[in-house]
Amino acid sequence: MSAPLMPLNQLDTPDSLSPEKAKRILEAALLSTSEPLPISELRKLFNLELSATVLSKLLEEIREKWLDSSVELVSVASGWRFQTRADIQPYLERLTPPKAPRYSRAVLETLAIIAYRQPVTRGDIEEIRGVSVSSSVLKALMTRGWIEAAGHRNVPGKPALFATTQHFLNDLNLRSLKELPPLEEMQSLIDSGAKNQNLPFEVPEAHD
């Protein structure tokens, strides 16, 4: 029988919390939510009496436990979540075919510039692309939750500075911007117009 992780006031009894029970509680919490949960939230399950280090270790053990399953536990920018494995998802889509949003080349190029050069102003984007950026392009990315105004540049007019969001990273299954693919790969995707299974959008025929 596993020894208790640490004394929990309300559970300091012969049935004190064991690592296995703690993992079952974590699994239940993560399986019953649709949003990633950060460790700071997961600690509330235990009245903050389990440290972030202990929870990280337990989460890694849960991840290993589910390695041979059709779902997996992953860490993304906003926290931990369960998700369907990539090789299983195409089968599930036969039940409810996804309606993937389709974005123009202008939208994808703008997103790539913001992701790799952030924070940038609208003027920065226009200088890099060599064409003007319509308000609808930025609105599409903000509506999708992929970019946000992260401040203003301290120059006349104080133009807004745009940056990507945690939601953008979550959708790409990334924990940080450091995990973005090389810029060349993103440019190749935009240039080819091919669907990339690692990105949550399809690229239609190019147009501005």
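Residues numbered from 1 in each chain as written. Predicted model: local features only at pLDDT ≥ 70, side-chain atom pairs only at ≥ 80, totals over all residues. Heavy atoms only, no water.

- As annotated in an unreviewed UniProt entry, the chain carries the name Condensin subunit ScpB and comes from Nitrosomonas ureae.

## Quick word on the packing of aromatic side chains
- Summed over the entire model, instances satisfying the criterion amount to two aromatic pairs.
- Where Trp-146 meets Phe-168, the ring centres are 6.3 Å apart and the plane angle is 80°; that geometry is what we call edge-to-face. On the criterion of sequence distance, the pair formed by Trp-146 in the loop between α7 (135–143) and β3 (147–152) and Phe-168 in helix α8 (residues 166–171) is long-range, its members being 22 residues apart. We note that Trp-146, like Phe-168, is buried. (Phe/Tyr/Trp six-rings, centres within 6.5 Å; stacked < 30°, edge-to-face > 60°. Helix = DSSP H or I, 4+ residues; strand = E, 2+ residues; numbered from the N terminus. Buried < 20%, exposed > 50% of the residue type's maximum accessible area, 1.4 Å probe, protein only.)

## Thoughts on the pairing of strand β2 (residues 79–84)
- Taking burial as the measure, the six residues of β2 include five buried ones, the bulk of the element.
- Sheet analysis places strand β1 (residues 71–76) next to β2, joined by six bridges and oriented antiparallel. Paired with Val-76 across the bridge in β2 is Gly-79.
- Between β1 and β2, which pair antiparallel and follow one another directly, the connecting turn spans two residues. (Pairing = 2+ DSSP bridges.)

## Topic: helix α6 (residues 122–129)
- Here α6 has its buried residues at Asp-124, Ile-125 and Arg-129. In an axial view of α6, the angular spread of the buried residues amounts to 120°, which keeps them on one side of the axis.
- Tucked into the core, α6 has its buried residues touching α5 (105–117) and α7.
- With its phi angle positive at about 80°, Gly-130 sits one or two positions after the end of α6. (Arc of directions from axis to C-beta. Contact = heavy atoms within 4.5 Å.)

## Brief notes about unusual backbone geometry
- In this chain, Gln-118 is followed by Pro-119 through a cis amide linkage whose omega measures 0°.
- Turning to its location among the elements, Pro-119 is positioned in the loop between α5 and α6.
- Here Asn-47, not a glycine, exhibits a phi torsion of approximately 55°, which is positive.
- You can see Asn-47 is positioned in the loop between α2 (39–42) and α3 (52–65).
- The partly exposed category is assigned to Asn-47, whose relative accessible area is 48%.

## Some details on the nonpolar core
- If you look at the biggest cluster of nonpolar residues, it comprises 23 residues, and the most contacted ones within it are Ile-114, Ile-125, Leu-138, Trp-146, Ile-147 and Phe-168.
- Secondary structure elements with two or more residues in this core: α5, α7 and α8.
- A total of seven residues in this core trace back to one element, the largest contributor, which is α5.
- Leaving out residues up to four positions away in the same chain, Ile-114 has contacts with Val-120, Ile-125, Leu-138, Ile-147, Phe-162, Ala-163 and Thr-164.
- Counting residues in hydrophobic clusters, the runner-up holds 18 residues, among them Leu-17, Ala-22, Phe-46 and Leu-55. (Core = buried A, V, L, I, M, F, W, Y, C linked by side-chain atoms within 4.5 Å.)

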